[in-house]
Amino acid sequence: MLRTMASRVLDDNDRDEVLALLDADPVANVFVASRVRAVGLSPARLGGQMWGFGPRGGLTALCYAGANLVPVNAGHDAVHAFADRARRQGRRCSSIVGPVEAIRPLWERLEPHWGPARAVRWAQPVMAAARPSPVPIDPLVRRVRPDEFDILLPACVAMFTEEVGVSPEAGDGGALYRSRVAELIRIGRSYARIEDGRVVFKAEIGAVTPLACQVQGVWVHPGLRGRGHAVAGMAAVVKHALDCFAPVVSLYVNDYNAPARAVYRRAGFEEVGTFMSVLF
């Protein structure tokens, strides 16, 4: 049997080839592409390594290995190569996420060494919108101001805890999470409807490239759910995103979250793929 080609650690000399591969599927790859465009491929700036499969000039697959492990365009041989490197290196990530076709076999190879996982989300529809929502926007949804950080943060913590199952304030006391929330506010990618010092609806645009952007952290105050805030709020976020950031707005959602999927469909999103996530 022929030995599977090994993966290699990429650097800034590979940037153009990496971006060409990422841009071939801008919605699926928006998170990794946004990181590469922002900081390049140097591990010190990237916050991890970028692994490549294939020789220079002939890259066929990638894997971002940082706080998340994210394969890109990874077929059978690339998955095996990335799993081999990840197993040798040891787990340094808090999650594995990406197209289900790559994540399922990758996790099958890593689970005996990295398992058990805290949670596995086996199917997460990837949804996208390339035109304004067909429903009226909420005119009160706007960019969050820096002086509203203390109002927004509890809503962000509640959303994260509800979605992920653990508090983002565990471990380092929430310093890294608070820094990320503040950064998204500072760069104008945090949106909310705030009334009387209370967040009614919120969402962030977490990743941006010239080709696509990705919405995250969608949340409605529990006492105000079922009143249409999510649909109108998402319609507003879609409008802002299309006007200011990219021609396609995307997100991914758990398949079992029927209310959220219904909200996104009403706001004009269509399913374009399926992700899978393994959480540690």
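The structure presented is a predicted model; accordingly, all values stated were derived computationally and were not measured. (Residues numbered from 1 in each chain as written. Predicted model: local features only at pLDDT ≥ 70, side-chain atom pairs only at ≥ 80, totals over all residues. Heavy atoms only, no water.)

### Examining the environment of Val199
The test is simple: Counting from the N terminus, the helices are the DSSP runs of H or I reaching at least four residues and the strands are the DSSP runs of E reaching at least two. Two residues form a contact once any of their heavy atoms are found within 4.5 Å.
Relative to the elements of secondary structure, Val199 occurs in strand β9 (residues 198-208). Measuring from C-alpha to C-alpha, the distance between Val199 and Trp219 comes to 9.1 Å, with 20 residues separating the pair along the chain. Excluding residues that lie within four positions of it along the chain, Val199 makes contacts with Ile151, Leu152, Ala155, Arg193, Ile194, Trp219 and His221.

### Points about the side chain of Ser190
Here Ser190 shows up in strand β8 (residues 190-195). Among residues more than four places away in sequence, those in contact with Ser190 are Arg142, Arg143, Val144, Leu152, Leu184, Ile185, Ala203 and Glu204.

### Looking at the pairing of strand β3 (residues 61-65)
Side-chain direction in a regular strand flips from residue to residue, so the side chains alternate between the two faces of the sheet. Basically, it comes down to this: Note on classification: 1.4 Å probe, protein chains only; a residue is buried when its accessible area is under 20% of the maximum for its type, exposed when over 50%, partly exposed between these limits. Strands pair, by our definition, only if DSSP identifies at least two bridges between them.
Of all five residues in β3, five are buried; the element is thus mostly enclosed. The alternating pattern of β3 places Ala61, Cys63 and Ala65 on one face and Leu62 and Tyr64 on the opposite face, and all of these are buried. Bridge analysis of strand β2 (residues 49-53) against β3 gives five bridges, and the strand direction is antiparallel. Bridge assignment links Met50 to a residue of β3, and that residue is Tyr64. Between β3 and strand β4 (residues 68-72), which pair antiparallel one after the other, the connecting turn spans two residues.

### Re the UniProt feature "domain: N-acetyltransferase" (unreviewed entry) in the protein
The cut-off we apply is this: UniProt positions are given in the numbering used here, feature names are shortened, and annotations may be inferred rather than shown by experiment.
The UniProt entry lists residues 139-280 under the feature "domain: N-acetyltransferase" (unreviewed entry), expressed in the numbering used here. Helix makes up 37% of residues 139-280 and strand 29%, with an end-to-end C-alpha separation of 39 Å.

### Points about the environment of Ala235
With respect to the helices and strands, Ala235 occurs in helix α8 (residues 229-244). Separated by 31 residues in the primary sequence, Ala235 and Arg266 have C-alpha atoms spaced 8.9 Å apart. In this structure, Ala235 is in contact with Ser133, Val135, Pro136, Ile137 and Ala267, ignoring residues within four places of it in sequence.

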